[in-house]
Amino acid sequence: EKMPAYKVYYFNARGRAEPTRLLLAAAGVPFEDVRFEVEKWPEYKPKMPMGQAPVLEVDGTMICQSAAMARFVARETGRAGKTNLEMAQADMIVNGVSDMINIMIDYHYSEPDETRKAEKKKKFFDTTLPQFLGHFEKLLVANNGGDGFFAGDGLTHAETFFLCLYESISKENPNVLSAFPKLAALV
């Protein structure tokens with residue numbers, strides 16, 4: 001059986017394509033990494049299923065939405081969890097991370113007022129993020145004492161999403177995981 005041809009389309013950044021890229025790399029699956037500058041987006045946008053990036057192309061079929069892309073690759077490479085329960089646990093983390101990223105996008109890109117942007121960012125780092133990291137830490141500890149993964153006994157799309165969130169938040173606060181030792185050990 002021939003290995004499918006994979007292409008990942010995204011801007012010249014890690015961003016929302018990175019969890020899929022990390023899963024493909026972890027599985028040793030070759031893929032074409034199609035990165036483009038923002039100025040080139042108008043050329044790509046009409047070709048994308050929902051006019052958005054990132055997109056994963058699998059033998060000519062386009063799949064968008066970062067969580068769907070990563071979940072597909074995780075399933076194809078045996079990294080989605082071994083049972084339906086593990087798969088749901090991994091998806092739960094992915095969706096929680098996506099909630100955090102959406103809040104960050106709101107204050108970083110969508111809020112035009114600089115004062116409101118600063119207020120939203122402060123609330124995120126002071127209140128929202130620590131609450132969610134506390135939840136993530138508890139969920140990690142609930143699986144084998146927190147000395148492994150979010151779901152089951154191996155890498156899933158949950159870890160790749162969390163790692164990408166950590167990369168973003170640690171730029172703002174390098175000590176962001178200091179109160180969360182199991183999460184710090186995970187990354």
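Definitions and cut-offs
- Residues numbered from 1 in each chain as written.
- Predicted model: local features only at pLDDT ≥ 70, side-chain atom pairs only at ≥ 80, totals over all residues.
- Heavy atoms only, no water.
- Pairing = 2+ DSSP bridges.
- Helix = DSSP H or I, 4+ residues; strand = E, 2+ residues; numbered from the N terminus.
- Axes fitted to C-alpha atoms, helices over the stretch in contact; angles between N-to-C directions.
- Contact = heavy atoms within 4.5 Å.
- Phe/Tyr/Trp six-rings, centres within 6.5 Å; stacked < 30°, edge-to-face > 60°.
- Buried < 20%, exposed > 50% of the residue type's maximum accessible area, 1.4 Å probe, protein only.
- Lys NZ or Arg CZ within 6 Å of the ring centre and 35° of its normal.
- Expected span 1.5 Å × (residues − 1).
- Polar contact = N/O pair within 3.5 Å; in protein donor to acceptor, adjacent residues only side chain to side chain.

1. Describing the sheet that holds strand β2 (residues 32–36)
Argument step 1. A sheet is described by the order of its strands in space; here 4 strands give the open sequence β2-β1-β3-β4, paired in mixed fashion. The sheet is open, and its two borders are formed by β2 and β4 (61–64), each paired with just one other strand. Ignoring strand direction, the axes of neighbouring strands in this sheet form an average angle of 20°.
Argument step 2. Pairing between strand β1 (residues 6–11) and strand β3 (residues 55–58): 4 bridges, direction antiparallel. Its bridge partner lying in β3, Lys7 is registered against Glu57.
Argument step 3. Along the sheet face, helix α1 (residues 18–26) touches β1, β2 and β3 and points at about 150° away from the line of β1.

2. Brief notes about the packing of aromatic side chains
Argument step 1. According to the stated counting rule, one finds 12 aromatic pairs in the structure shown.
Argument step 2. Ring centres 5.4 Å apart and planes at 70° place the aromatic pair Tyr10 and Phe11 in the edge-to-face group.
Argument step 3. For Tyr10, a relative accessible area of 10% puts it in the buried group.
Argument step 4. Taken together, the ring pairs connect Tyr9, Tyr10, Phe11, Phe36, Trp41 and Tyr44 into an aromatic cluster.
Argument step 5. The aromatic ring of Tyr44 is capped on one face by Lys47, whose charged end is 5.6 Å from the ring centroid.

3. Thoughts on the side chain of Glu18
Argument step 1. Within the secondary structure layout, Glu18 lies in helix α1.
Argument step 2. Of the residues examined, Glu18 reaches a relative accessible area of 11% and is grouped as buried.
Argument step 3. In this structure, Glu18 is in contact with Arg35 and Cys164, ignoring residues within four places of it in sequence.

4. Points about helix α6 (residues 157–172)
Argument step 1. Counted at 1.5 Å a residue, the expected span for α6 with its 16 residues is 22 Å, and the 24 Å between its end C-alpha atoms agrees.
Argument step 2. What α6 keeps buried is the set His157, Ala158, Glu159, Thr160, Phe161, Phe162, Cys164, Leu165, Ile169 and Ser170.
Argument step 3. Looking at the buried side of α6, the elements it contacts are α1, α3 (66–76), α4 (84–110), α5 (114–142) and α7 (181–186).
Argument step 4. By the N-cap criterion, in which a side-chain oxygen at the helix start approaches the backbone nitrogen of a residue two or three places on, α6 is capped by Thr156, the distance to Ala158 being 3.1 Å.

5. Digging into α4
Counting along an α-helix, one turn takes 3.6 residues, and residues three or four places apart therefore face a common direction.
Argument step 1. Between its terminal C-alpha atoms α4 stretches 36 Å, which fits the 39 Å expected from 27 residues at 1.5 Å a residue.
Argument step 2. Those residues of α4 not exposed but buried are Glu86, Ala90, Asp91, Ile93, Val94, Gly96, Val97, Ser98, Met100, Met104 and Tyr107.
Argument step 3. In the core, the buried residues of α4 are packed alongside α3, α5 and α6.

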